[in-house]
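The chain contents come next:
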Amino acid sequence: MRIAIVGAGLAGLTTAYELRQAQSGHDVHVDVFEASDRIGGKLFTVPFNDGPVDLGAEAFLARREDALEFFADLGLEQSLVEPSGKSSLVYSADTLDNLPRGGVMGIPSSSAPITHLISADTAARIDAEKDAEAIDWTPGEDRSIGKLVRERYGDEVVDRVVSSLLGGVYSCLADDLGIRATVPQLAEALDGLAEAGEKVTLSGAVSKIEQSRPAPTDGPSKPVFNAFSGGYAELYETLAEKSEADIHLDTFVSGISFDTKTQQYTITGQGIPGDTEPYDRVVVATPAPTTARLLAKVAPEAAEALRPVKLASSAVVGLKFDSDEGLPDASGVLIAADQPGVHAKAFTFSSKKWPHIKDRIGQGALIRVSFGRFGDDSLAREEEDTLVDYALDDLLTITGFDARAAGVSEIYTQRWFGGLPRFDEHHLATVATVREKITAQPGLEVTGAWAGGVGVPAVIADARAAANRILSS
Ligand SMILES: Cc1cc2nc3c(=O)[nH]c(=O)nc-3n(C[C@H](O)[C@H](O)[C@H](O)COP(=O)(O)OP(=O)(O)OC[C@H]3O[C@@H](n4cnc5c(N)ncnc54)[C@H](O)[C@@H]3O)c2cc1C
């Protein structure tokens, strides 16, 4: 059986590896076509002099046992590292403070955790929300998380807290994201109140989530996130090697067609040898707009459904400083969207957050500065010098760390045009429609961050499922 995979990002490489693992009884040949000159997609590890550092994804949710098992199967268990546990900060209303505790994604059940970030009027409004008219909520529905929080708690909570937290994951403001699509436990809590015939309020739903959390136990708790000591290159290089697939770089796929007589697929594009034989199966593992274009001939209804999914662009600048004197003793800073004169959206103090990086660089500091949100590509397009100036200015304004005086010794800049799919309130319905329409086309599968979730464990799980479906189709 000949299988083509389009895209050598995490989804495509995981699919290739899973096909190799699950192929028992099949003689499978896998070709992976990748448009760029490297594998990994949004996983990208760069070689700072003191060791590898990620400029795309840098961590993963370690509560996902399926991901931990997958990494162990790949032989990467020993490469996993834990963070220092230093707290994260938020910069909002010109003030640098600890991230609010409790609540869900910065949405509190009362004003108490965020009073330092909001006005007295907003605090009073949050505390009175339980007495306001009930939310008209239909179980199973989705709607904009920013819109709901604005309606119930007011603009400050969205602009100063919720968008900073969600923006750190999705590169979008809260207004552009769906509740169920991004914070499913909140949607489920709202469902629960509505189904039980209780009054549906935001504070009620958040306190329901808080009450359901296990009480903290004595002793050290397991960290929420892990990373790879050698960066994500360890993962994407291992997947590529163990998949035993033929990976074709600099190969831009522009079309997929299906011969109804032979039931086989032909892949066309730049860099694909003309004598390439047809394929029995195809897995498209590219970002949503590309996937929509590639499905146009073979699954036009799925393509049409997928077309509205938009992407958010961003840029990450990695900076090595000779000294970390004056840098806050924290993992990083999330920056509120409404801070005038500030360009960055987040700092990751990698040498504070990750002990393995600190051990390598000694007295120095390694900082990642992230820019850009959905709907505005301008920062992702800025010259590197300008981005570095913004980064150094913002570090001084927000943290007091005089990055210029600390001495910049290395800089890496990575732009992520179309970095992350926007998970808006229509997204889950869109994915369900695409999946349903795809099943009508034999031997065709789609996977990727847009399909099963943007986090690394979610992308892996979706790709593995796609590989297993395609083998049994
Ligand atoms: C800046 C940033 C930080 C992140 N941080 C984290 C994090 O800390 N933790 C976490 O869990 N997740 C994080 N993520 C999310 C995670 O990295 C992504 O969701 C995941 O890597 C996406 O993998 P993918 O394979 O679906 O897509 P991609 O990585 O986009 O891979 C798609 C591949 O397809 C190729 N391609 C596109 N078009 C074509 C074509 N026509 N022909 C051939 N090939 C094509 C592309 O070149 C690319 O290599 C982050 C993402 C970004 C952008």
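Calculation rules
Residues numbered from 1 in each chain as written. Predicted model: local features only at pLDDT ≥ 70, side-chain atom pairs only at ≥ 80, totals over all residues. Heavy atoms only, no water. Pairing = 2+ DSSP bridges. Helix = DSSP H or I, 4+ residues; strand = E, 2+ residues; numbered from the N terminus. Axes fitted to C-alpha atoms, helices over the stretch in contact; angles between N-to-C directions. Contact = heavy atoms within 4.5 Å. Buried < 20%, exposed > 50% of the residue type's maximum accessible area, 1.4 Å probe, protein only. Domains from an automatic or database assignment. Buried area = accessible area lost by both parts, 1.4 Å probe. Salt bridge = Lys/Arg side-chain N within 4 Å of Asp/Glu carboxyl O. 1 Å grid on protein atoms, 1.4 Å probe; cavity = no way out; pocket = protein on both sides within 12 Å on 5 of 7 lines; lining within 4 Å. Points joined across faces, edges and corners; volume = space filled by probe spheres on them. Nonpolar A, V, L, I, M, F, W, Y, C, P; charged D, E, K, R; others polar. Near = heavy atom within 4 Å. Polar contact = N/O pair within 3.5 Å; in protein donor to acceptor, adjacent residues only side chain to side chain. Areas by Shrake-Rupley, 256 points an atom, 1.4 Å probe, with all protein chains shown as cover.

Draft legend 1. Just the sheet that holds strand β18 (residues 408–421), in detail. The strand order across the open sheet built from seven strands is β8-β7-β15-β16-β17-β14-β18, with neighbouring strands paired in mixed fashion. Two strands in the sheet have a free side with no partner beyond their single neighbour: β8 (95–98) and β18. Across this sheet, the average inter-strand angle for adjacent strands is 20°, counted without regard to direction. Bridge analysis of strand β14 (residues 311–321) against strand β17 (residues 365–371) gives seven bridges, and the strand direction is antiparallel. Counted as the bridge partner of V316 is S370 from β17. Where helix α15 (residues 384–399) meets the sheet, its contacts fall on β7 (88–92), β8, β14, β15 (332–335), β16 (344–348), β17 and β18, and the angle it forms with β18 comes to roughly 100°.

Draft legend 2. Structural view of unusual backbone geometry. The phi torsion at M105 lies on the positive side, around 50°, for a residue other than glycine. Topologically, M105 is positioned in the loop between β8 and α3 (120–128). With a relative accessible area of 28%, M105 lands in the partly exposed category.

Draft legend 3. Representation of the domain arrangement of the chain within the structure. The domain architecture assigned to the chain consists of domain 1 (2–80 + 229–309 + 423–472), domain 2 (99–212) and domain 3 (312–418). For domain 2 and domain 3, the distance between their C-alpha centroids amounts to 29 Å. Taken residue by residue, the interface counts 12 residues in domain 2 and 11 residues in domain 3. Both sides of the domain 2 and domain 3 interface together cover about 860 Å² of buried area, and 64% of this is carbon and sulfur. Counting the contacts that link domain 2 with domain 3 gives one salt bridge. In this structure, D338 and R160 form a salt bridge, with 3.9 Å as the shortest nitrogen-oxygen distance.

Draft legend 4. Layout of the pattern of salt bridges. A full pass over the atoms with the stated rule returns 27 salt bridges. Ionic pairing is found between R2 and D31, a salt bridge with its closest N-O pair at 3.9 Å. With a gap of 29 residues between them, R2 in strand β1 (residues 2–6) and D31 in strand β2 (residues 29–33) connect regions that are remote in the sequence. Comparing R2 with D31, the two get one shared label, buried. When the shortest N-O distance is used, the salt bridge between R404 and D389 registers 3.3 Å. Placement of R404 in helix α16 (residues 403–406) and of D389 in helix α15 is noted, with a sequence separation of 15 residues between them. For R404, a relative accessible area of 42% translates into the label partly exposed. By relative accessible area, which is 38% here, D389 ends up partly exposed. The structure contains a network of salt bridges with shared partners spanning K86, D324, D329, K352 and K358.

Draft legend 5. Fine view of empty space enclosed by the protein. Applying the stated criterion across every chain, the model contains one cavity of 30 Å³ or more. Quantified by volume, the largest cavity comes out at close to 110 Å³. In this structure, the largest cavity is lined by 14 residues; those nearest its centre are D54, E58, W354, H356 and I357. Only β4 (51–54), β9 (225–228) and α13 (355–361) provide two or more residues apiece to the lining of the largest cavity. Here the residues of the lining of the largest cavity are counted per class, giving six nonpolar, four polar and four charged. Both domains that meet at the lining of the largest cavity, namely domain 1 (2–80 + 229–309 + 423–472) and domain 3 (312–418), each give it at least three residues.

Draft legend 6. Quick look at the site of the ligand. Neighbouring the ligand are 31 residues; E34, K42, A59, V454 and V456 lie closest to it. Here an oxygen atom of the ligand and a backbone polar atom of V454 are 2.6 Å apart. For the ligand, whose accessible area on its own is 1000 Å², the fraction buried by protein is 87%. Those elements that place two or more of their residues in the shell around the ligand are α1 (10–22), β11 (252–259), β18 and α19 (456–472). Broken down by class, the residue content of the shell around the ligand amounts to 19 nonpolar, nine polar and three charged.

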